[in-house]
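Per-entry structural report
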Amino acid sequence: MPDEGESPVGSTFGIGAVLLPGDDVRATIEKSTESAKQVIIGPGLRREGDKVFVVKPGILRHKEPAVFWIDSHLKRYVANRGDNVLGVVMAKAGDVFRVDIGTSEPASLSYLAFEGATKKNRPNVNIGDLIYAKLLVASKDMEAELVCVDSYGKKAGMGVLDGGGFVFTVPLHTVRKLLTKDSVLLKSIGKNIPFEIAVGMNGRVWIRAR
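Overview of the structure.

Moving on, we come to the overall build of the protein chain. A count of helices and strands for the protein chain gives three helices and 15 strands. Buried residues in the protein chain amount to 35% of all 210 residues. Sequence-distant contacts in the protein chain: of pairs separated by 6 or more residues, those separated by 24 or more amount to 56%. Of the charged side chains in the protein chain, 29 are positive and 24 negative, and the gap between their average positions amounts to 7 Å.

With that out of the way, let us pick up the pattern of salt bridges. Counted by the stated rule, this structure contains nine salt bridges. Between Asp 71 and Arg 61 there is a salt bridge, with its nearest N and O atoms 3.5 Å apart. Remark: Arg 61 occurs in strand 5 (residues 58-63) and Asp 71 occurs in strand 6 (residues 67-71); sequence separation between them is ten residues. With a relative accessible area of 30%, Arg 61 lands in the partly exposed category. Across the pair Arg 176 and Asp 71 runs a salt bridge, and its minimum N-O distance is 2.8 Å. Of this pair, Arg 176 sits in helix 2 (residues 172-178) while Asp 71 sits in strand 6, and the two are 105 residues apart along the sequence. Given the relative accessible area of 22%, Arg 176 is considered partly exposed.

Glancing now at the pairing of strand 10 (residues 130-139). In this structure, strand 7 (residues 84-93) lies alongside strand 10, joined through five bridges in antiparallel fashion. The residue bridging Gly 87 from the neighbouring strand is Ile 131, located in strand 10. Where strand 10 and strand 12 (residues 159-160) come together, two bridges link them in antiparallel fashion. Across the sheet, Tyr 132 pairs through a bridge with Gly 159, a residue of strand 12. Taken together, the four bridges between strand 10 and strand 11 (residues 142-147) define a ladder with antiparallel strand orientation. The residue bridging Leu 135 from the neighbouring strand is Leu 146, located in strand 11. Counted along the chain from strand 10 to the antiparallel partner strand 11, the turn is two residues long.

A full pass over the atoms with the stated rule returns one aromatic pair. Aromatic side chains Phe 166 and Phe 168 sit 5.8 Å apart centroid to centroid with 25° between the ring planes, which places their arrangement in the stacked category. Accessibility expressed as a relative area gives 52% for Phe 166, which makes it exposed. Classification of Phe 168 as partly exposed rests on a relative accessible area of 30%. The side chain of Arg 122 reaches across the aromatic face of Tyr 111, ending 4.0 Å from its centre.

Strand order in the open sheet formed by four strands is 1-5-6-2, and the pairing between neighbours is mixed. Unpaired on one side and paired on the other, strand 1 (18-19) and strand 2 (40-41) mark the two borders of the sheet. Inspection of the sheet shows strand 1 paired to strand 5 by two bridges, in the antiparallel sense. The partner of Val 18 across the bridge, within strand 5, is Ile 59.

Across four bridges, the pairing between strand 8 (residues 96-100) and strand 9 (residues 107-110) is antiparallel. Residue Phe 97 lies in a different strand from strand 9, and its bridge partner there is Leu 109. Hairpin connection, strand 8 to strand 9: the antiparallel pair is bridged by six residues, and Gly 102 has positive phi, about 90°. Relative to strand 11, strand 9 runs parallel, the two sharing two bridges. What sits directly across from Leu 109, in strand 11, is Leu 146.

Rules and cut-offs
The numbering scheme is per chain: residues are counted from 1 as the chain's sequence reads. Local features are withheld for residues below a pLDDT of 70 in this predicted model, meaning they are given only at 70 or higher, and side-chain atom pairs are given and counted only at 80 or more; totals for whole chains, interfaces and linings count all residues. The side-chain figures draw on all heavy atoms in the structure; neither hydrogens nor water molecules are used. Counting from the N terminus, the helices are the DSSP runs of H or I reaching at least four residues and the strands are the DSSP runs of E reaching at least two. For every residue, the accessible area (1.4 Å probe, protein chains only) is compared with the maximum for its type, and the residue is labelled buried under 20%, exposed over 50%, or partly exposed between those bounds. Whether two residues are in contact is decided by their heavy atoms: any pair within 4.5 Å suffices. Asp and Glu are treated as the negative residues and Lys and Arg as the positive ones, with His and the ends of the chain left uncounted. Where a charge lies is defined by one atom per residue type, namely NZ (Lys), CZ (Arg), CG (Asp) and CD (Glu). The rule for a salt bridge is simple: a side-chain nitrogen of Lys or Arg has to be within 4 Å of a carboxyl oxygen of Asp or Glu. A pair of strands is considered paired only if DSSP assigns at least 2 bridges between the two. Note on aromatic contacts: the rings of Phe and Tyr and the six-membered ring of Trp form a pair at centre separations within 6.5 Å, being stacked when their planes are under 30 degrees apart, edge-to-face when over 60 apart, and tilted otherwise. By the criterion adopted, a ring carries a charge over it if an Arg CZ or a Lys NZ lies within 6 Å of its centre and within 35 degrees of its normal.

Shown next as structure tokens:
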């Protein structure tokens, strides 16, 4: 018999089901990805051993071929590895910048985490600068760590966002809608006004008209 408060082993939830923290969705994932070689666990889910637990209340989502996440309406952003975020440089401590990304604790950003950065060629980053970066480390037991390069060492649009622009905050679920292929908002704006935009999964958006 399973312990009280835990999901029965082998229980299957449908895609689109409303789930609560502690639910084990391993059986659902295995059933939906029998032929997949790799399964990607997104925000709201955490793998512990051979189980996959829900850590945020919300709706179970699935994207082909094997991507699963929990679609939840949260007011405070919780750092997730691989997310692109917008942050503000708060302080500098030695060779590390402290960046506010909207989480309970600031994230760290090394000066070497920029394209072409070396000990002699340091990036021009100042307190108050707006940074578009990727979360390299995001764990409940460790400090969040940011980088401004992709897996090939290229900046890929990340780094200091200078030259003006406007920053505003939107609900976290709105960010996901903006980034979907079906979103028509950005396409509609682009038909009339050329612009640049950086959308952070932490609910911050930077936009600048050309």
